[in-house]
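Per-entry structural report
For reference, the chains in residue letters:
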Amino acid sequence: MNIEANGISIEIEDSGGSGPAVLLIMGLGGQLIHWPADFVQGLIDAGYRVLRFDNRDSGLSAHFTSRGAVNIPWIAMQAWLGRRPRVPYTLGDMGRDALGVLDALGIERAHVVGLSMGAMIAQRVALLAPDRVLSLTSIMGSSGARGLLKPKRAVLRVAAGKPRTGSDAALAQYYLRFLKAIASPAFPPSDEQLHAMFRLTNQRSAPQTEATYRQLAAILADGERAGLLARITVPTLVVHGADDPWVPPACGRDTAARIAGARLALIPDMGHDLVPVGHPEIVRRVLGVLLPFLPSAATPSA
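Residues numbered from 1 in each chain as written. Predicted model: local features only at pLDDT ≥ 70, side-chain atom pairs only at ≥ 80, totals over all residues. Heavy atoms only, no water.

As for the overall build of the protein
To keep it simple, the criterion reads: Runs of H or I in DSSP of at least four residues are treated as helices and runs of E of at least two as strands, each being numbered from the N terminus. Just to be clear, the radius of gyration here is over C-alpha atoms, and the globule rule we use is 2.2 Å times residues to the power 0.38. Only protein chains enter the calculation, and the probe is 1.4 Å; a residue is then buried if its accessible area is under 20% of its type maximum, exposed if over 50%, and partly exposed in between. Computed by Shrake-Rupley with a 1.4 Å probe, the accessible areas treat only the displayed protein chains as cover when residues are assessed. Neither His nor the chain ends is counted toward charge; the positive residues are Lys and Arg and the negative residues Asp and Glu. Charge positions are represented by NZ for Lys, CZ for Arg, CG for Asp and CD for Glu.
For the protein, the helix and strand inventory stands at 11 helices and eight strands. Against the compact-globule benchmark of 19 Å for 302 residues, the protein has a radius of gyration of 18 Å, which places it among compact chains. Oriented by its inertia axes, the alpha-carbon framework of the protein measures out at about 50 × 45 × 35 Å. With 302 residues in all, the protein has 53% of them scored as buried. Carbon together with sulfur atoms contributes 54% to the accessible area of the protein, which is approximately 13000 Å² in total. Counting 30 positive and 25 negative side-chain charges, the protein places the averaged centre of each group 9 Å from the other.

Given below as structure tokens:
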């Protein structure tokens, strides 16, 4: 359903139920449908009320086309120099969107779980409203510290190879190459899986490059977050793939080191592909770490 949250339209899915709420925050350019079904169902089976939503500028939520295009190289350079580049919106704004979802549903507190960019938004949620957060789980995320995020060159080359045409076929081939480049090496996705997910994504809401760039601008401009993470006092779990070529494991280690009492779980054989077609074995491993961590867990259903 579509709700009004933080003054904008946001698309959500709510599993319902009376258990503790788990708010899932998706990553860069992703949609709520990209959370693996086994991952979501595992939380539901454990007695949790699972909330998913499309971030602003993705899926069926409000898009900020009127804010125009952004100059990513310029923003990246300004951020590298320690300046605050002007961007269409910030990760703090996106964190307030997440809190707005809880407000709209009348939920006072929730376990907050973020993936990649969503992990960075989740960190912002914990900084903005610690009293609303039962626990924080940062999956494949980063603290935003300068010089820390260093993807492998091979992945950067693939990411930079944008198609010259906007045809469905050209976009599908680009995303297929990129998703393969960041995949868990022990569990590579098949072409059939990737094409099926791209078709599903395209039918629901076609990817928009400029929208994704606006989200990326928000990430690049959020460099001061690293110095604030020490303020987080809620129970925190940092999950990271030991073989992540896009957001290196050092990012997970750094995030955990900055948050007092944070628990770090490096998952063997895991890359940066819990979404869109996370392998069932990887999902099982992540759930195995996550479920015992979440306080107030309900008794799993038979």
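What about helix α6 (residues 168-181)?
Using the following cut-off: Given the number of residues in a helix, its expected span is that number minus one, multiplied by 1.5 Å. Should any heavy atoms of two residues lie within 4.5 Å, those residues are considered in contact.
Helix length check: α6 (14 residues) gives 20 Å between terminal C-alpha atoms against 20 Å at 1.5 Å per residue, within 8%. Turning to α6, its buried residues number three or more, namely A170, L171, A172, Y174, L176, F178 and L179. Buried positions along α6 lie against α5 (153-160) and α7 (191-204).

Here's the deal with the packing of aromatic side chains
Two descriptors summarise a pair of aromatic rings, namely the distance from one centre to the other and the angle between the planes of the rings. Rules: The aromatic pairing rule takes the rings of Phe, Tyr and Trp, using the six-membered ring of Trp, and pairs them if the centres are within 6.5 Å, calling planes under 30 degrees apart stacked, those over 60 edge-to-face and the rest tilted.
Evaluation of the coordinates by the stated rule reveals five aromatic pairs. Arranged with centres 5.3 Å apart and planes meeting at 70 degrees, the rings of Y174 and Y175 form a pair that is edge-to-face. Residue Y174 is classed as buried on the basis of its relative accessible area, which comes to 4%. With 5.1 Å between their ring centres and 90 degrees between their planes, F178 and W246 make a pair best called edge-to-face. With F178 in helix α6 and W246 in the loop between β7 (236-241) and α10 (249-258), the pair connects residues that are 68 residues apart, well separated along the chain. Taken together, Y174, Y175 and F198 form an aromatic cluster joined through their ring pairs.

Things to note about helix α8 (residues 209-220)
The end-to-end C-alpha distance of α8, which contains 12 residues, comes to 16 Å, matching closely the 16 Å that a straight helix rising 1.5 Å per residue would cover. Turning to α8, its buried residues are A211, R214, Q215, A217, A218 and I219. Where the residues of α8 are buried, they touch α2 (72-80), α3 (91-104) and α4 (117-128).

Observations concerning the side chain of Q31
Short version of the rule: Pairing of N or O atoms within 3.5 Å defines a polar contact, subject to two protein rules: one partner must be a possible hydrogen donor and the other a possible acceptor, and residues neighboring in sequence count only if both atoms are side-chain atoms.
Along the chain, Q31 falls in the loop between β3 (21-25) and α1 (37-45). When its relative accessible area of 2% is taken as the criterion, Q31 is described as buried. Engagement of the side chain of Q31 in a polar contact is seen with the side chain of R204, the distance being 2.6 Å. Within the structure, Q31 has its side chain in polar contact with the backbone oxygen of S205 (distance 2.9 Å). Excluding residues within four positions of it along the chain, Q31 makes contact with M26, D54, G59, T201, R204 and S205.

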